[in-house]
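Chains, contacts and geometry: an overview
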Amino acid sequence: MRLRTVLFDLDGTLLDHFGAIHRCHAHAMRQIGLPEPTMKQVHDAIGRGLEDAIAALAGPENVARILPIYLAHWRATNLQDVTLLPGARDLLEALRARGVTCGVLTNKRGDAAREVCAHLGVTPLVAGIFGAG
């Protein structure tokens, strides 16, 4: 059977954005007087959306306080240390050369997913980038 379409997750599949994610959680929690989470705690908390990650790290009672702090810091710093994972570009290019339509489907906020894909030069290699919101 010939593949016609392949959908990729983003974080941990095509790119490494965990440093920025950790940095923003640590910054936001510090701002409200909570201890910074470890990288492992952040890794364990993400995957179900930003609000759920904040709730897992700081408690559901702190989501409304942390979310705007996190998002402001994210907008200011999220492109600082993001990288494509080894082989990601080659894979997307090879699939495209074979006529396979590729897309990104992530629970990362859609605007953030599109921004990081553009920054890393992935946008021309995919037909669409779909995220939360």
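Summary of the structure given here. Residue indices begin from 1 for each chain and proceed along its sequence in written order. In keeping with the model being predicted, local features are shown solely for residues with a pLDDT of at least 70 and side-chain atom pairs are shown and tallied solely at 80 or more, while totals for entire chains, interfaces and linings include all residues. To obtain the side-chain values, all non-hydrogen atoms of the structure were included, while hydrogens and water were left out.

Another aspect to go through is the overall build of the protein chain. Each helix corresponds to a stretch of at least 4 residues labelled H or I by DSSP, and each strand to a stretch of at least 2 residues labelled E; elements are numbered beginning at the N terminus. Counting its secondary structure elements, the protein chain contains six helices and five strands. In sequence order, the secondary structure elements of the protein chain are arranged as β-β-α-α-α-α-β-α-β-α-β. Seen through its principal axes, the protein chain has C-alpha atoms that stretch 50 × 25 × 25 Å. Look at the contacts in the protein chain between residues 6 or more apart in sequence, and 71% of them connect residues 24 or more apart. Entry remark: accessible area of the protein chain is about 7,200 Å², with carbon and sulfur atoms responsible for 56%. All tallies of charge rest on Lys and Arg as positive and Asp and Glu as negative; His and the ends of each chain are not included. Every charge is mapped onto a representative atom, which is NZ of Lys, CZ of Arg, CG of Asp or CD of Glu. One way to put it: in the protein chain the 14 positive side-chain charges average out to a point 5 Å from where the 13 negative ones average out. Contacts were defined at the residue level, with two residues in contact if any of their heavy atoms lie within 4.5 Å. Throughout, the Shrake-Rupley method with a 1.4 Å probe supplies accessible areas, and for residues the shown protein chains are the sole cover considered.

Take a nonpolar patch on the surface next. What goes into a patch is any residue over 30% in relative accessible area without a salt bridge, connected to like charges within 9 Å or, for nonpolar side chains (Val, Leu, Ile, Met, Phe, Trp, Tyr), within 5 Å. For this analysis, a salt bridge means a side-chain nitrogen from Lys or Arg found within 4 Å of a carboxyl oxygen belonging to Asp or Glu. A cluster of nonpolar side chains, contributed by L7, L105 and F130, occupies part of the molecular surface with about 330 Å² of accessible area. Buried, partly exposed and exposed residues are distinguished by accessible area as a fraction of the type maximum, computed with a 1.4 Å probe on protein chains only: under 20%, between the cut-offs, and over 50%, respectively. On the basis of relative accessibility, which here comes to 48%, the residue L105 falls in the partly exposed class.

On to the packing of helix α3 (residues 50–58) against helix α4 (residues 63–77). Axis definition: a line fit to C-alpha positions, over the contact stretch in the case of helices; interaxial angles, taken between N-to-C directions, run 0 to 180 degrees. It is the contact of α3 with α4, at a shortest axis distance of 10 Å, that shows an interaxial angle of 120 degrees. The orientation of α3 with respect to α4, classified from their angle, is oblique. In this structure, α3 meets α4 at a crossing whose hand is right-handed. Residues L50, E51, I54, A55 and A58 of α3 form the contact with α4, whose participating residues are V63, I66, L67, Y70 and L71. Roughly parallel covers angles under 35 degrees, roughly antiparallel covers those over 145, roughly perpendicular covers 65 to 115, and oblique covers all other angles. Handedness of each helix crossing follows the sense of rotation of the near helix against the far helix: counterclockwise by less than a right angle gives left-handed, clockwise gives right-handed.

Another point: the sheet that holds strand β5 (residues 128–132). A sheet is described by the order of its strands in space; here three strands give the open sequence β1-β4-β5, paired in parallel fashion. Both edges of this open sheet fall to β1 (5–8) and β5, since each of them pairs with a single strand only. When the angles between neighbouring strand axes are averaged without regard to direction, this sheet yields 20 degrees. Each pair of strands is called paired provided DSSP finds at least two bridges between the two strands.

Another point: the packing of aromatic side chains. For Phe, Tyr and Trp, where Trp contributes only its six-membered ring, two rings pair if their centres lie within 6.5 Å, and the inter-plane angle classes them as stacked under 30 degrees, edge-to-face over 60, or tilted in between. Applying the stated criterion across every chain, the model contains one aromatic pair. Measuring from ring centre to ring centre gives 6.0 Å for Y70 and W74, while their planes differ by 10 degrees; the resulting arrangement is stacked. Here W74 and Y70 lie together in helix α4, a separation of four residues that amounts to about one turn.

This paragraph deals with the side chain of H22. Tracing the backbone through its elements, the reader meets H22 in helix α1 (residues 18–31). We classify H22 as buried; its relative accessible area is 18%. Definition of a polar contact: a pair of N or O atoms within 3.5 Å, with one able to donate and the other able to accept a hydrogen when the atoms are protein atoms, and with sequence-neighbouring residues admitted only if both atoms are side-chain atoms. Among the polar contacts made by the side chain of H22, one reaches the main-chain carbonyl oxygen of P37 at a distance of 2.8 Å. Among residues more than four places away in sequence, those in contact with H22 are P37, T38, M39 and V42.

Another point: the state of the cysteines. Note on disulfides: each one is a pair of cysteine sulfur atoms within 2.5 Å. This model, assessed by the stated rule, comprises zero disulfides. Free cysteine C117: the closest other cysteine sulfur is in C102, separated by 12 Å. You can call C117 buried: its relative accessible area is 0%.

One fewer than the residue count of a helix, multiplied by 1.5 Å, yields its expected span. For α4, built from 15 residues, the straight-helix expectation of 21 Å at 1.5 Å per residue is met to within 8% by its first-to-last C-alpha distance of 20 Å. Turning to α4, its buried residues number three or more, namely V63, I66, L67, Y70, L71, H73, W74 and T77.

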